[in-house]
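Residue-level structure breakdown
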Amino acid sequence: MTENKVTSIHEARAIFDLLGIKEVTKEWQHKQGTQVFELPFKTMYYNGHAETNRFSIYKSGYVRKMVVHPTKGTSYSCYQLNRTRKSDEYFKDYEWNEDFTKQTWTGKYRKSNRIKRIMIDTHEDRYVYLCNYILKNYYRNSKCNLVGEYTMKRVTEVHDEWWKANKNNYQSPFVDKAVDRILENNIDDVKIEGKYSEVCDYVKDDIQVIINGHRYNLS
């Protein structure tokens, strides 16, 4: 290991074993040349949601961080961890005829600037790359701190208490207040004010509002 970086698959495997990073590859993934790993801890967010840290390396050359369902534990999306490079691509330039029924090549090309992922050719290099990525972003990063189960529980409880106390401020207050005012005062007609007042003086009959699955008749 040089300059705090892993350089071989043997070092990477030893570090995974030391840190408790487990391989959770399923049989069908193994047949496709894919390996899947999970960190021994989860990433926790301000609302108490804990995210499983799962990573995959692919025979195709990709290394990915998986997005894991919070309750089912299944991976339903991912994002790439491979490095990128800029790539200039050229496409034929076409022009339409007057009635837009046919395209003709102008003899020129259009230049497109794209970002491409750099594939990692060998299994060993992918393994080493993932190990260095995990060490850099999850163990040497000062933004990550370990918390216990009690702290996780309290964060969730505090967030739930805050949401119960403030949820009305984050919904549609003009709808809720209008419905409350109409129901409490038993108003038959609702006055429309502002720029629509000349078009519609009153709203009458067959007015319904559905809030959280409950239907309110405002007529």
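First things first, this report covers the structure right here in the doc. (Residues numbered from 1 in each chain as written. Predicted model: local features only at pLDDT ≥ 70, side-chain atom pairs only at ≥ 80, totals over all residues. Heavy atoms only, no water.)

Some thoughts on the pattern of salt bridges
The condition that has to hold: Any carboxyl oxygen of Asp or Glu that lies within 4 Å of a side-chain nitrogen of Lys or Arg is treated as forming a salt bridge with it. Each helix is a run of DSSP H or I of at least 4 residues and each strand a run of E of at least 2, with the numbering of both proceeding from the N terminus. Under the scheme applied here, a residue whose accessible area is under 20% of the maximum for its type counts as buried, over 50% as exposed, and between as partly exposed, the area being computed with a 1.4 Å probe on protein chains only.
Evaluation of the coordinates by the stated rule reveals 6 salt bridges. Linking Arg54 and Glu38 is a salt bridge whose minimum nitrogen-to-oxygen distance equals 2.7 Å. With Arg54 in strand 3 (residues 50-57) and Glu38 in strand 2 (residues 35-44), the pair connects residues that are 16 residues apart, well separated along the chain. The residues Arg54 and Glu38 share a single accessibility class, namely buried. In this structure, Asp93 and Arg110 form a salt bridge, with 2.6 Å as the shortest nitrogen-oxygen distance. Residue Asp93 is found in strand 6 (residues 84-96), and its partner Arg110 is found in strand 7 (residues 103-117); the two are separated by 17 residues along the sequence. Since its relative accessible area comes to 13%, Asp93 is described here as buried. Classification of Arg110 as exposed rests on a relative accessible area of 53%. A single salt-bridge network, built from bridges that share partners, covers Glu89, Arg114 and Lys116.

Focus on the side chain of Asn53
We apply this condition: Under this definition, polar contacts are N or O atom pairs within 3.5 Å; protein pairs additionally need one hydrogen-donor-capable and one acceptor-capable atom, and for neighbouring residues in sequence, both atoms have to be side-chain atoms. Residue contacts follow a heavy-atom distance rule, with two residues in contact if any of their heavy atoms lie within 4.5 Å.
Within the secondary structure, Asn53 sits in strand 3. On the basis of relative accessibility, which here comes to 0%, the residue Asn53 falls in the buried class. There is a polar contact of 3.1 Å between the side chain of Asn53 and the backbone oxygen of Phe41. Residues within four places of Asn53 in sequence aside, it is in contact with Phe37, Glu38, Leu39, Phe41, Lys42, Thr43, Lys65 and Tyr138.

A look at a nonpolar patch on the surface
Put simply, the test is: Like-charged residues are merged into a patch within 9 Å and nonpolar side chains (Val, Leu, Ile, Met, Phe, Trp, Tyr) within 5 Å, provided each residue has over 30% relative accessible area and no salt bridge. Where accessible areas are quoted, they stem from the Shrake-Rupley method and a 1.4 Å probe; at the residue level, only the protein chains shown are allowed to cover.
A grouping of Tyr90, Tyr94, Trp105 and Tyr109 is seen on the molecular surface, where their side chains present a nonpolar patch of about 480 Å² in accessible area. Mapped by element, the contributors of at least two residues to the nonpolar patch are strand 6 and strand 7. Structurally, Tyr109 is set in strand 7.

Some thoughts on the nonpolar core
Spelled out, the test is: Residue types Ala, Val, Leu, Ile, Met, Phe, Trp, Tyr and Cys, when buried and joined through side-chain atoms within 4.5 Å, form a set referred to as a nonpolar core.
Ranked by internal contacts, the top residues of the largest apolar core, which has 22 residues, are Phe16, Leu130 and Ile134. Those elements that place two or more of their residues in this core are helix 1 (9-19), strand 2, strand 3 and helix 3 (123-139). Per-element accounting of this core gives the leading share, 8 residues, to helix 3. Residue contacts for Phe16: discarding those within four places in its chain leaves Ile21, Phe37, Tyr127, Leu130, Cys131 and Ile134.

Here we look at the environment of Glu51
Relative to the helices and strands, Glu51 resides in strand 3. Through-space distance from the C-alpha of Glu51 to that of Val68 is 7.0 Å; in sequence the pair is 17 residues apart. When neighbours within four sequence positions are excluded, Glu51 is seen to be in contact with Lys42, Thr43, Tyr45 and Lys65.

Some details on unusual backbone geometry
We note that Phe100 has phi near 55 degrees; this positive angle belongs to a residue other than glycine. We classify Phe100 as exposed; its relative accessible area is 60%.

Points about the pairing of strand 5 (residues 75-80)
Inclusion rule: For two strands to count as paired, DSSP must find a minimum of two bridges between them.
With 5 bridges connecting them, strand 4 (residues 63-68) and strand 5 associate as antiparallel partners. Counted as the bridge partner of Val68 is Ser75 from strand 5. Hairpin connection between strand 4 and strand 5: a loop of 6 residues separates the two successive antiparallel strands, and Gly73 in this loop has a positive phi of roughly 80 degrees.

Describing the packing of aromatic side chains
Our working rule: What counts as a ring pair is set by centres within 6.5 Å for rings of Phe, Tyr and Trp (its six-membered ring), and what kind of pair is set by the plane angle: stacked under 30 degrees, edge-to-face over 60, tilted for all other angles. Note on geometry: a ring has a charge over it if NZ (lysine) or CZ (arginine) is within 6 Å of the ring centre and within 35 degrees of the ring normal.
In the structure shown here, the tally under the stated rule is 8 aromatic pairs. For the pair Phe37 and Tyr127, a centre-to-centre distance of 5.3 Å together with 75 degrees between the ring planes defines the contact as edge-to-face. Taken together, the residues span a long stretch of sequence, with Phe37 in strand 2 and Tyr127 in helix 3 at a distance of 90 residues. Taken as a pair, Phe37 and Tyr127 share a single burial class, namely buried. Three or more aromatic residues joined by ring pairs make a cluster, and in this case those are Phe16, Phe37 and Tyr127. The ring of Tyr127 has Arg13 sitting right over it, with the charged end atom 5.6 Å from the ring centre. For Arg64, the ring lying beneath its charged end belongs to Tyr62, and the centroid distance is 4.4 Å.

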